[in-house]
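Structural overview
Listed below, chain by chain, are the residues.
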Amino acid sequence: MRKVIGIGETILDVIFRGDNPHVAVPGGSTFNCMVSLSRLGVPVQFISEIGNDRVGKLICKFMETNGMTTEYMGVFPDGTSPVSLAFLNDSNDAEYVFYTNYPARRLDVMFPAINEDDILVFGSFYALNPELRERIADLLEYARLRKAIVYYDPNFRRTHAHEAIRVRTTVMDNYEYATVVRGSDEDFLNLYGKTDMEKVYTEEVEFYCKTLITTHGAAGVNLFAGQRRAHFDAEPVVPVSTVGAGDNFNAGVVYAFLKYDIRLRDIPELNTADWEKIVRTGMTFAAQVCQSYDNYISTEFAAQFK
């Protein structure tokens, strides 16, 4: 059976409405994607690191409750598990503040086996951090050698925009490893100062990776795949919180690859109708998450969707 491997940060997200904390949930971009996939019955293996503290124990318990192994979670004795504060504005979009205290030695954990047509999901600043780069590059190279599908979400937030020029070379390396790149219009604005996604594709991505999906919130989704261009309108949604929306769009795309048995060799041959089924699954997942304060699809939705 094909499986999904994810690597990324694990964080406790404290979500604020106004100046008051409203709810605290385990999070992290790839983490959110993995939880949703696990709730759908997909075999997932998540690689990350947490502190040997109360927050770390809470996160591990949450993973086990959701059918996820903690075998690939590095637990560091020094430092503390990271926490983020997500402040929702009037549109229920989030602005983040991160608090981290990592030890000098990072990602001290064994990697899982990767087989042909498994799917590796990675992204965020975690995939650009120079302290982690050697380990992440090893995993990406291993996935490429094993002929896995590699799914990259830059998830490049405004808090890192001042570092954009410095990290662009690493971003390009990530594109080169990727089978599919998915980013929001905000990600690419922060990275390149560009709002024209056609230029982002042709000038920044296409040389390294032939498939780019760009998401634009209520304005829908664009696909760029070689000479193929497609736009998919979004269904209207009144969001409670947009935290986790992009992460669960990713989960939907990955789930569609598995559901429709799309393999690495198939991706260059997909037509617009194929991509619409894939993208619509991502949109459905994102819309469901926007209607709650959770970072992942609900267990009820997962049961119905299966």
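Located above this text is the structure these notes cover.
Residues numbered from 1 in each chain as written. Predicted model: local features only at pLDDT ≥ 70, side-chain atom pairs only at ≥ 80, totals over all residues. Heavy atoms only, no water.

Next up on the list: the overall build of the chain. Looking only at helices and strands, one finds 9 helices and 13 strands in the chain. Structurally, the chain occupies a C-alpha span of about 50 × 45 × 40 Å along its principal axes. Within the chain, the proportion of its 306 residues that are buried is 57%. Counting every atom, the chain has about 13,500 Å² of accessible surface; 49% of that belongs to carbon and sulfur. In the chain, 30 positive and 41 negative side-chain charges are present, and the distance between their average locations comes to 4 Å. (Helix = DSSP H or I, 4+ residues; strand = E, 2+ residues; numbered from the N terminus. Buried < 20%, exposed > 50% of the residue type's maximum accessible area, 1.4 Å probe, protein only. Areas by Shrake-Rupley, 256 points an atom, 1.4 Å probe, with all protein chains shown as cover. Lys, Arg positive; Asp, Glu negative; His and termini not counted. Charge placed at Lys NZ, Arg CZ, Asp CG, Glu CD.)

With that settled, consider unusual backbone geometry. Not every positive phi belongs to a glycine, and Asp117 is a case in point at roughly 70°. If you trace the backbone, Asp117 turns up in the loop between strand 7 (94-101) and strand 8 (119-123). The residue Asp261 is not glycine, and still its phi comes out positive at about 50°. Topologically, Asp261 is positioned in the loop between helix 7 (245-259) and helix 8 (272-290).

Before going further, it helps to examine the state of the cysteines. Counted by the stated rule, this structure contains 0 disulfides. Free cysteine: Cys209, not disulfide-bonded; nearest cysteine sulfur from Cys33 at 17 Å. Note on Cys290: no disulfide assigned, nearest cysteine sulfur contributed by Cys33 at a separation of 15 Å. Under the relative-accessibility criterion, Cys290 is labelled buried at 11%. (Disulfide = S-S within 2.5 Å.)

Moving on to the pattern of salt bridges. Two side chains with opposite charge may pair up if their charged atoms get near one another. Per the stated rule, a full pass over the model turns up 15 salt bridges. Arg158 is paired through a salt bridge with Glu95; the nearest N and O atoms lie 3.8 Å apart. With a gap of 63 residues between them, Arg158 in the loop between strand 9 (149-153) and helix 4 (164-177) and Glu95 in strand 7 connect regions that are remote in the sequence. The shortest N-O distance in the salt bridge between Glu204 and Lys194 comes to 2.6 Å. With Glu204 in helix 6 (residues 197-205) and Lys194 in the loop between helix 5 (185-192) and helix 6, this residue pair connects regions lying 10 residues apart in the sequence. (Salt bridge = Lys/Arg side-chain N within 4 Å of Asp/Glu carboxyl O.)

Looking now at the sheet that holds strand 9. Strand pairing in a sheet is mediated by backbone hydrogen bonds. Such pairs are either parallel or antiparallel. Read across the open sheet, the 9 strands follow the order 5-4-1-8-9-10-11-12-13; overall the sheet is mixed. Taken across any chain shown, the strands that pair with only one partner, and hence form the sheet edges, are strand 5 (73-76) and strand 13 (228-232). Each adjacent strand pair in this sheet contributes to an overall mean axis angle of 15°, direction not counted. The pairing of strand 11 (residues 211-215) with strand 12 (residues 221-225) spans 5 bridges and is antiparallel. Looking at the pairing, Thr214 lines up with Asn222 of strand 12. Those strands touched by helix 5 are strand 9, strand 10 (180-184) and strand 11, and its axis lies near 90° from that of strand 10. (Pairing = 2+ DSSP bridges. Axes fitted to C-alpha atoms, helices over the stretch in contact; angles between N-to-C directions. Contact = heavy atoms within 4.5 Å.)

Given two aromatic rings, their pairing is described by the distance between the two centres and the angle made by the two planes. One pass over the structure, following the stated rule, counts 17 aromatic pairs. Relative to Tyr208, the ring of Phe207 has its centre 5.1 Å away and its plane inclined at 85°; by these criteria the two rings are edge-to-face. On the basis of relative accessibility, which here comes to 27%, the residue Tyr208 falls in the partly exposed class. Linked through ring pairs, Phe31, Phe46, Phe62 and Tyr296 together constitute an aromatic cluster. In this structure, Arg106 is placed above the aromatic ring of Tyr102, and the distance from its NZ or CZ to the ring centre is 3.6 Å. (Phe/Tyr/Trp six-rings, centres within 6.5 Å; stacked < 30°, edge-to-face > 60°. Lys NZ or Arg CZ within 6 Å of the ring centre and 35° of its normal.)

Let us look at helix 7. A rise of 1.5 Å per residue sets the reference length of helix 7, with its 15 residues, at 21 Å; its end C-alpha atoms lie 21 Å apart and thus fit the reference within 8%. Buried residues dominate helix 7, accounting for 13 of its 15 residues. Within two residues after helix 7, Asp261 carries a phi angle of roughly 50°, on the positive side. (Expected span 1.5 Å × (residues − 1).)

Our next topic: the sheet that holds strand 6 (residues 80-88). Spatially, 4 strands are ordered 3-2-6-7 in an open sheet, and the strand pairing comes out mixed. Bordering the open sheet on either side are strand 3 (20-27) and strand 7, each of which pairs with just one other strand. In this sheet, adjacent strand axes meet at a mean angle of 20° when their direction is disregarded. Pairing geometry for strand 2 (residues 11-17) and strand 3, over 7 bridges, is antiparallel. Across the sheet, the residue bridging to Val14 is Ala24, located in strand 3. Across the face of the sheet, helix 2 (residues 54-65) comes into contact with strand 2, strand 3 and strand 6 while running at roughly 95° to strand 2.

We now examine the side chain of Thr10. Mapped onto the secondary structure, Thr10 falls in the loop between strand 1 (4-7) and strand 2. In this structure the side chain of Thr10 is engaged in a polar contact, spanning 2.6 Å, whose partner is the side chain of Ser48. If near-sequence neighbours (up to four positions away) are discounted, Thr10 is found in contact with Gly27, Phe31, Phe46, Ser48, Glu49, Ile50, Ile59, Met73 and Pro82. (Polar contact = N/O pair within 3.5 Å; in protein donor to acceptor, adjacent residues only side chain to side chain.)

Here is a general trend for soluble globular proteins: nonpolar side chains tend to be buried in one another's company. Membership of the largest hydrophobic core comes to 57 residues, with the highest contact counts inside it found for Val4, Met34, Leu37, Phe249, Phe257 and Trp275. In terms of residue count, helix 7 provides more of this core than any other element does, 9 residues in total. Setting aside residues no more than four positions away along its own chain, Val4 makes contact with Met34, Leu37, Val42, Pro43, Val44, Gln45, Ile119, Val121, Val254 and Leu258. The next biggest cluster of nonpolar side chains, apart from the first, holds 40 residues, and it includes Val181, Phe188, Tyr201 and Cys209. (Core = buried A, V, L, I, M, F, W, Y, C linked by side-chain atoms within 4.5 Å.)

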